[in-house]
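Read off the chains here:
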Amino acid sequence: MKKKCTAPHKSLEDYLVKPGEQSPYANLLIDLAFKKAFDPDKPASRENLVNLLNDLLAPQLKRPIKSVKTRNVAKNLSGSKESRTAIFDLHCEDDAGDLIEIEVQIRKLKNFSKRLAFYASEMVANQAEIGSGWKFNVKPTYVIAITQKTVFKDNRIIHRATTVDLETGEQFVDSYNYTVIELSKVPFFIEKKSDSSSKWLFFFRYLHRLRKLPEAFSEKKFKQLTECSRVSRFTKKEFEAYRKVYHKEWDHNAMVDGVFEDFADEINAKIAENVSDAKREIAKKMKALKEPVEKIAEITGLTEDEVNAL
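Residue positions are counted from 1 within each chain, in the order its sequence is given. The predicted nature of this model means local features are confined to residues of pLDDT at least 70 and side-chain atom pairs, given and counted, to a pLDDT of 80 or more, with totals for whole chains, interfaces and linings taken over all residues. Side-chain figures throughout are based on the complete set of non-hydrogen atoms in the structure, without hydrogens or water.

### Things to note about helix α3 (residues 112-125)
Here's step 1: Helix length check: α3, at 14 residues, gives a terminal C-alpha distance of 20 Å against a target of 20 Å (1.5 Å per residue), a fit within 8%.
Here's step 2: Its buried side turned inward, α3 meets β3 (99-105), β4 (141-147) and β6 (171-182). Think of it this way: any DSSP run of H or I at least four residues long counts as a helix, any run of E at least two long counts as a strand, and we number them from the N terminus. What a helix is expected to span follows from its residue count: subtract one and scale by 1.5 Å. Throughout, a residue-residue contact means that at least one pair of heavy atoms, one from each residue, lies within 4.5 Å.

Listed below in structure tokens is the structure:
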């Protein structure tokens, strides 16, 4: 019986731009590039946005989204929302009137989850109608946060949340729905059998570093998105604006890298100190449980003398 010949697996490294080359694709995390690819008010990019939302929000949606349009944003209630920590916001409304906000974060933020709750609360509160006839018919809201920094300590790339009944775990009210995507956890790996959400996340993190599209992205929706993301489709004015923002991001990244290099010894010493403190806390708890000193030392990496001194 003849063995079936199979083509060798092609490394994704073959799809990366080489040193000195420029990718033909734009960085989708830059406002202008995102809006060209996902503009709710233009047919092709609207279709891209519908595909994106249906794939990313699939576990949270009660029915597929058929269409979207730009949502006029009411002035926020407190006036405190600050845009310097985000590359952009996209506000839209689907065909059922549900409200959606997409935000890309470029800095590590304090109170990250509470910030998202605040945004959703604004979208809910701004639905109120003047007069006594309003019956609190609040439409569901969806806040999608795409962050370039790590937020949660686990290995999950996507975190989803809503308001649930603590005893049954069932959704208590559909007014608040959150999706947090941590691009720092997206691996440089994709296959044809990968699910659609994994492919979207790969696009967001790596598209602007590719010279051509990997074979895994053979579906029409990804080919269409790729065409909308080509830098060659920008006007001269759009390209200049895009490069200006892109260079600003490069300068920021270079500054961050420089700060780390200048203070690497201090940073690494602090990390080592935190690790050592954590080991001591574990050792103390094990001692309280009457565990043998030898076992504590083996598990924590501390010396027996260090364990005895605790």
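### Remarks on the pairing of β3
Here's step 1: Of all seven residues in β3, seven are buried, a share of seventy percent or more.
Here's step 2: We call a residue buried when its accessible area falls under 20% of the maximum for its residue type, exposed when it is over 50%, and partly exposed in between, using a 1.4 Å probe and counting protein chains only. Of the two faces of β3, the one lined by Leu99, Glu101, Glu103 and Gln105 and the one lined by Ile100, Ile102 and Val104 are each fully buried.
Here's step 3: The pairing of β3 with β4 spans seven bridges and is parallel. In the strand pairing of β4, glutamine 105 is matched with threonine 147. Here, strands pair whenever DSSP counts at least two bridges between them.

### Here's the deal with the pattern of salt bridges
Here's step 1: Think of a salt bridge as a Lys or Arg side-chain nitrogen and an Asp or Glu carboxyl oxygen that are within 4 Å of each other. Going through the model one piece at a time under the given rule, you end up with 13 salt bridges.
Here's step 2: Where glutamate 291 meets lysine 295, a salt bridge forms, and the shortest distance between an N and an O atom there is 3.4 Å.
Here's step 3: The exposure class of glutamate 291 is partly exposed, given its relative accessible area of 27%.
Here's step 4: Through salt bridges that share partners, Asp154, Arg156, Glu182 and Lys185 make up one connected network.

### Description of a negative patch on the surface
Here's step 1: Note that patches include only residues with greater than 30% relative accessible area and no salt bridge, and the join distances are 9 Å for like charges and 5 Å for nonpolar side chains (Val, Leu, Ile, Met, Phe, Trp, Tyr). Exposure was quantified through the Shrake-Rupley algorithm and a 1.4 Å probe, taking into account, for residues, occlusion by the shown protein chains and nothing else. Charge counting follows a simple rule: Lys and Arg are positive, Asp and Glu are negative, and His as well as the terminal groups are ignored. By convention, the charge on Lys lies at NZ, on Arg at CZ, on Asp at CG and on Glu at CD. Where like charges cluster on the molecular surface, the negative patch consists of Glu294, Glu304, Asp305 and Glu306.
Here's step 2: With three residues, helix α9 (residues 304-309) is the single largest residue contributor to the negative patch.
Here's step 3: Turning to its location among the elements, glutamate 306 is positioned in helix α9.
Here's step 4: The class of glutamate 306 is partly exposed, set by a relative accessible area of 34%.

### Some points on the nonpolar core
Here's step 1: Ranked by size, the top nonpolar core spans 44 residues in total, and within it Phe38, Leu49, Leu53, Ile102, Ile146 and Phe204 carry the most contacts.
Here's step 2: Of all elements in the fold, only α1 (31-38), α2 (43-56), β2 (86-94), β3, β4, α4 (196-206) and α5 (220-228) reach the threshold of two or more residues within this core.
Here's step 3: Definition used in this section: a nonpolar core is a set of buried Ala, Val, Leu, Ile, Met, Phe, Trp, Tyr and Cys residues joined via side-chain atoms within 4.5 Å. Core analysis: the second largest hydrophobic core is formed by eleven residues, Leu109, Leu116, Val143 and Val180 among them.

### What to know about the environment of alanine 161
Here's step 1: Along the chain, alanine 161 falls in strand β5 (residues 158-164).
Here's step 2: Taking the C-alpha atoms as reference points, alanine 161 and tyrosine 176, 15 residues apart in sequence, are found 8.2 Å from one another.
Here's step 3: Ignoring any residue separated from it by four or fewer positions in sequence, one finds alanine 161 in contact with Gln60, Tyr176, Asn177 and Tyr178.

### A word on the packing of aromatic side chains
Here's step 1: Geometry of aromatic contacts follows a simple scheme: Phe, Tyr and Trp rings, the Trp one being its six-membered ring, pair when their centres are within 6.5 Å, and the pair is stacked under 30 degrees between planes, edge-to-face over 60, tilted otherwise. Taken as a whole, this structure holds 15 aromatic pairs when the rule is applied.
Here's step 2: Centroid distance tryptophan 134 to phenylalanine 136: 4.7 Å. Interplanar angle 40 degrees. Geometry classified as tilted.
Here's step 3: These aromatic residues form a ring-pair network of at least three members: Phe34, Phe38, Phe188, Trp200, Phe202, Phe203, Phe204, Tyr206, Phe217 and Phe222.

### What about the side chain of glutamine 60?
Here's step 1: Tracing the sequence through the fold places glutamine 60 in the loop between α2 and β1 (68-70).
Here's step 2: What qualifies as a polar contact is a pair of N or O atoms within 3.5 Å, subject to a donor-acceptor requirement within protein and to the restriction that residues adjacent in sequence count only when both atoms come from side chains. Reaching out from glutamine 60, the side chain makes a polar contact with the backbone oxygen of tyrosine 178 at a distance of 3.1 Å.
Here's step 3: Of note is the side chain of glutamine 60, whose polar atom sits 2.8 Å from the side chain of threonine 179.
Here's step 4: Contact partners of glutamine 60, with chain neighbours within four places excluded, come to Tyr142, Arg160, Ala161, Asn177, Tyr178 and Thr179.

### Describing the packing of α2 against α5
Here's step 1: Lines fitted to the C-alpha atoms define the axes, with helices restricted to the stretch that makes contact. Angles between their N-to-C directions range from 0 to 180 degrees. Two elements in contact, α2 and α5, have axes separated by 10 Å at closest approach and are oriented at 130 degrees. Taken together, the axes of α2 and α5 lie oblique to each other. For the crossing formed where α2 meets α5, the hand is left-handed. Two secondary-structure elements touch here, α2 through Ala44, Glu47, Asn48, Asn51 and Asp55 and α5 through Lys220, Lys221, Gln224, Leu225 and Cys228. When an angle is under 35 degrees it counts as roughly parallel; over 145 it counts as roughly antiparallel; between 65 and 115 it counts as roughly perpendicular; any other value is oblique. Take the far helix as the reference: if the near one is turned anticlockwise from it by less than a right angle, the crossing is left-handed, and if turned clockwise, right-handed.

### Quick notes on the confidence of the model for the chain
Here's step 1: For every residue, the pLDDT score states the predictor's confidence, bounded by 0 at the bottom and 100 at the top. Taken residue by residue, the chain gives an average pLDDT of 81. The fraction at 70 or more is 81%.
Here's step 2: Looking over the chain, one finds the lowest element-wise mean pLDDT in helix α6 (residues 236-262), namely 62, and the highest in β5, namely 95.
Here's step 3: Low pLDDT, under 50, characterises residues 1-9; the stretch is placed with zero contacts to residues that sit more than four places away or in other chains.
Here's step 4: The low-confidence segment residues 251-265, where pLDDT is below 50, has three contacts with residues more than four positions distant or belonging to other chains.

### Here's the deal with the side chain of aspartate 39
Here's step 1: Turning to its location among the elements, aspartate 39 is positioned in the loop between α1 and α2.
Here's step 2: One buried charge, aspartate 39, has no salt-bridge partner; the nearest side chain with opposite charge is lysine 42, at 4.3 Å.

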